[in-house]
Amino acid sequence: NVLILDFGSQYTQLIARRVRELNIYCEIHPYHNIPESLDEFKAVILSGSPFSTRAEDAPHPDLSRIKGKFPILAVCYGAQYLAHFNGGSVAPSNIREYGRAKLSMIKAEEPLFKNIQEGTQVWMSHSDTIAKLPENGIRLASTPDVLNAAYRVDGQQIYGIQFHPEVYHTTDGKQLLENFLVHIAGIEQSWTPAAFVDTTVDALKEQLGDDKVVLGLSGGVDSTVAAILLHKAIGKNLYCIFVNNGLLRKNEFSDVLSQYKDMGLNVKGVDASVRFLEALKDVSDPELKRKAIGNAFIEVFDDEAHQVEDVDWLAQGTIYPDVIESVSVNGPSVTIKSHHNVGGLPDFMKLKVVEPLRMLFKDEVRRVGAEMGIDKKLLGRHPFPGPGLAIRILGDITAEKVRILQEVDAIFINGLRKWDLYDKVWQAGAILLPVQSVGVMGDERTYEKVVALRAVESTDGMTADWVNLPYEFLQETSNHIINRVKGVNRVVYDISSKPPATIEWE
Ligand code: XMP
């Protein structure tokens, strides 16, 4: 187990991901909230920070329970902090180092640099530099501009590095982390999806005993993997509820429901399409749509949860990035939506919460799902927003518009699969625009709807680029849509990146 202390760097999550890629388990904790028990940890990594150690409001962690007790790898701010407060000094650098650099000197005999050669590329991102090493510090590496690019403290297992091993541009970053964690700290590389499934299922059995659990399935990866883990642990005591809000993709509800049943899940499909459509009647404002859908979902789910007698727990597919964000140095950015408080909490929200995926990143959720034999196609599905097609129909929503968009979307998505493009795209969908345009079909003039197609590349949805889909594909898709979907006479392709645009249109 590795403890990563976060000083607010944008790269902290990346450190965790790189460590996990080495099949070593790690947890991120904010520097001012070090866990009470450190028994499970075998090494500590200190992250970077947007602060300068010389700034008055810079993070000053209390490391008294850590220093001298664990091997420490201090990255960037961490390395400067340890130098600054242990007899060394930190000064503003003459050149602000940002970007690629090469290690021009490496002490080859040092275990931290095992299998790493001089000349290797590293990623720098700092404006301060370590002018003087801490007491008993030994320089391990330099770049042409940064004399103290890496050091260790003699007699203590403390290592400081000015560059960022977690960033992809540091060519040997993963090797360096492995050197520290495996060769210096002696940690075993035994944290695999199979090991995760075993320990999690055991822990869930212990935690839940004979209790009953309700879980809302969405058709997405997270809720599905959470359900299968819980199903392994408590079998038929897991009650899954899959709500059709009428805003899913074409045939999605029936297809996914039968897939869930094939997996042996105890799942109840609830078709509440009419209720959602009524809640959305004449609503055009995007945020009001979201609110109406959120409220309707809570009501439907609460009704269904009440049908399960003596239920104790609500299971959720929360994953690690949400957890990190809610405890991060910069404070939670997620506020509980206002509608949750209107008229008090619905009953299911008073249940105890179990979150079997709360320590996993998205790609790890997929690997765990694959380990448990969940269908590849289901695990590789694009993200789909909770409010579904409602936010892809600009303006007000009618059953007819939903039907049109479902047809268009199905042609687009099936086409991506047929052309082997689906897995190259992070998210794709069609948008029904609130405009009509003139066309001709045969001898007749038409005045019909316009749809936009959107396909993006991304890693987490925070930033995104439009995908350069082949013209031939776009041509075929456009023909199919206009020929087959009544009411549409024009197709456009969205070529905006995020930022400044967003992925969805509302
Ligand atoms: P934007 O449009 O903000 O979308 O660039 C980023 C990602 O978030 C999804 N999204 C939502 N997901 N409820 C959701 O569950 C929502 O209200 C919502 N709005 C956007 C979007 O599909 C994309 O993956």
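Rules of the game
- Residues numbered from 1 in each chain as written.
- Predicted model: local features only at pLDDT ≥ 70, side-chain atom pairs only at ≥ 80, totals over all residues.
- Heavy atoms only, no water.
- Near = heavy atom within 4 Å.
- Polar contact = N/O pair within 3.5 Å; in protein donor to acceptor, adjacent residues only side chain to side chain.
- Areas by Shrake-Rupley, 256 points an atom, 1.4 Å probe, with all protein chains shown as cover.
- Nonpolar A, V, L, I, M, F, W, Y, C, P; charged D, E, K, R; others polar.
- Pairing = 2+ DSSP bridges.
- Helix = DSSP H or I, 4+ residues; strand = E, 2+ residues; numbered from the N terminus.
- Domains from an automatic or database assignment.
- Salt bridge = Lys/Arg side-chain N within 4 Å of Asp/Glu carboxyl O.
- Buried < 20%, exposed > 50% of the residue type's maximum accessible area, 1.4 Å probe, protein only.

Asks: It is not clear to me how the site of the ligand should be interpreted in this structure. Could you clarify?
Replies: Neighbouring the ligand are R290, P385, G386, P387, I391, W426, Q427, G461, K498, T502, I503 and E504. Between an oxygen atom of the ligand and a side-chain N or O atom of R290, the distance comes to 2.6 Å. Q427 places a polar side-chain atom, nitrogen or oxygen, 2.8 Å from an oxygen atom of the ligand. In isolation the ligand exposes 500 Å². Once the protein is present, 68% of that is buried. Of the residues assigned to the shell around the ligand, the class counts are 5 nonpolar, 4 polar and 3 charged.

Asks: What's the story with the sheet that holds strand β1 (residues 2–6) in this structure? I'm lost.
Replies: Sheet strands pair by backbone hydrogen bonding; their relative direction is either parallel or antiparallel. On the basis of which strands lie adjacent, the open sheet formed by 8 strands has the order β2-β1-β3-β4-β10-β9-β8-β6 and mixed pairing. Each having just a single partner strand, β2 (26–30) and β6 (105–106) make up the two edges of the open sheet. Direction of pairing for β1 relative to β2: parallel, over a ladder of 5 bridges. Residue pairing for β2: L5 is matched across the bridge by H29.

Asks: I keep staring at the domain arrangement of the protein chain and nothing clicks. Help me out?
Replies: Interface size is often expressed as the accessible area that is lost when the parts come together. Segmenting the protein chain into domains produces domain 1 (2–184), domain 2 (193–379) and domain 3 (389–493). Distance between the C-alpha centres of domain 1 and domain 3: 48 Å.

Asks: Where do I start with the pattern of salt bridges in this structure?
Replies: Any two side chains of opposite charge can pair, so long as their charged atoms come close to each other. Under the counting rule described, the total for this entry stands at 24 salt bridges. A salt bridge links K281 to D282, with the nearest nitrogen and oxygen atoms 3.9 Å apart. Comparing K281 with D282 shows no difference in burial state: the two are exposed. Its salt-bridge partner being E506, residue K289 comes within 2.6 Å of it at the nearest N-O pair. In this pair, K289 sits in helix α8 (residues 286–307) while E506 sits in the segment after β19 (488–493), placing the two residues 217 residues apart along the sequence. Residue K289 is classed as buried on the basis of its relative accessible area, which comes to 0%. For E506, a relative accessible area of 18% gives the class buried. What emerges from the salt-bridge pattern is a single network uniting R18, E21 and K174.

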